[in-house]
Amino acid sequence: MQIETFKVFRDLVDSQSFSKAAKLNFVTQSAVSQQIRALEERFGVPLIERSNKHFGLTREGELFYESSKYLIAGYDTLVHQIEEMRNIIAGPIRVSTVYSIGLHELPPYLKHFLKEFPNVNVHVEYRRSNQVYDDVVDGSSDLGMVAFPQPRKLIKIEPFRKDRLVLVCSPMHHLANCKEILIDEICKEKIIGFEPDIPTRKAIDKIFRDIGVEVQPVMEFDNIETVKRAVEIEAGISIVPRATIDQEVKNGTLIAIEFKGQPYFRPLGIIYKSGRVLSPAMKRFIKMLHEQAHEAKE
């Protein structure tokens, strides 16, 4: 029995999907089914409850799952320790992140890292916030990067950096000449918002609630790029992370206005699965993100 068999079983249970387990292990869905059947024949017991309603494990399956996690963790630790002894920084890193971070925050860090470690292959997947957490838990991604990171079962969070939130408007808007503005001065403006389930939208809604104002956006979008395009055509104003509009401000298509008094921030976090054995490449990547973020603040 090979270690890959244990990994296939673990990934199947974590993802509760034969297709996802197949994708994670670069095999066909049929091959996953065959390996599970082979395991059941080997031990003479069913490991998975066959039901159309839900994915479940038998008692023997639960035991095999826990043992699989233990064996794979031990094997991964051995491999990573040998790599560290040989000072090998190579291999894949799968990163799942929201659009605003992946498009505007991550690129300069990624460029710096790949220049120093050219043998590492970083694959970035753009996802909605809740999907980033799911990807990390089910093993589809090694690391996740999210805004307003929330504690969740099986998730380890490392704070990354903070983005300042600013008001953004078209150069033709009547607020365009303002250098600063109070948050309660924009309540009667047409506001372009993110969709309600997006963490940045929830945080902005809380800012308005704290000052006793309820705001209903005239438009709602699920990503920063569409929000910016709507502001550019003068459909309204918006509150966005400053780092996501640097290029538009430079090009003169958007105006950024700071808030008077208390500043507002969007915290970013790096997430990975609790108990996950990180490869030397992943450790170096996380370390570089922290170092570069710290240097940027100074």
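Preceding this section is the structure that the text describes.
Residues numbered from 1 in each chain as written. Predicted model: local features only at pLDDT ≥ 70, side-chain atom pairs only at ≥ 80, totals over all residues. Heavy atoms only, no water.

**Student:** Please give an account of the state of the cysteines that cites residues and values.
**Tutor:** In protein chemistry, a disulfide is the covalent bond that joins the sulfur atoms of two cysteines. Per the counting criterion, the structure on display carries zero disulfides. Free cysteine Cys-187: the closest other cysteine sulfur is in Cys-178, separated by 14 Å. (Disulfide = S-S within 2.5 Å.)

**Student:** So, the pairing of strand β6 (residues 155-169): which residues are in play, and what are the values?
**Tutor:** Here β6 pairs with strand β12 (residues 265-273) via eight bridges, running antiparallel. Bridge pairing in β12 places Glu-158 opposite Ile-270. Pairing between β6 and strand β10 (residues 238-241): four bridges, direction antiparallel. The residue of β10 that forms the bridge with Leu-165 is Pro-241. Where β6 meets strand β11 (residues 255-259), three bridges bridge the pair, whose relative direction is antiparallel. Residue pairing across strands places Val-168 opposite Ala-256, the latter belonging to β11. (Pairing = 2+ DSSP bridges. Helix = DSSP H or I, 4+ residues; strand = E, 2+ residues; numbered from the N terminus.)

**Student:** I'd like to hear about the side chain of Arg-201, residue by residue, with values.
**Tutor:** With respect to the element layout, Arg-201 can be found in helix α7 (residues 199-210). Setting aside residues no more than four positions away along its own chain, Arg-201 makes contact with Phe-194, Glu-195, Pro-196, Pro-217 and Glu-220. (Contact = heavy atoms within 4.5 Å.)

**Student:** Let's hear about the environment of Leu-254: which residues, and what values?
**Tutor:** Inspection of the secondary structure puts Leu-254 in the loop between α9 (246-251) and β11. It is 36 Å that separates the C-alpha atoms of Leu-254 and Met-282, two residues lying 28 residues apart in sequence. Beyond its immediate sequence surroundings of up to four residues, Leu-254 is in contact with Val-168, Cys-169, Pro-171, Lys-228, Val-231, Glu-232, Ile-245, Glu-248 and Val-249.

**Student:** Run through the packing of helix α1 (residues 3-15) against helix α4 (residues 59-85), naming residues and quoting values.
**Tutor:** One way to put it is that α1 packs onto α4 with a least axis distance of 9 Å and a crossing angle of 120°. Relative to α4, the element α1 lies oblique. Along this stretch, α1 crosses α4, giving a crossing that reads as left-handed. Here α1 contributes Ile-3, Phe-6, Lys-7, Phe-9, Arg-10, Val-13 and Asp-14 to the contact with α4, which in turn contributes Gly-61, Phe-64, Tyr-65, Ser-68, Lys-69, Leu-71, Ile-72 and Tyr-75. Here the residues of the contact of α1 with α4 sort into nine nonpolar, two polar and four charged. (Axes fitted to C-alpha atoms, helices over the stretch in contact; angles between N-to-C directions. Parallel < 35°, antiparallel > 145°, perpendicular 65-115°, else oblique. Left-handed = near helix turned anticlockwise from the far one by under 90°. Nonpolar A, V, L, I, M, F, W, Y, C, P; charged D, E, K, R; others polar.)

Such coordinate-based values are descriptive only and should not be taken to indicate function.
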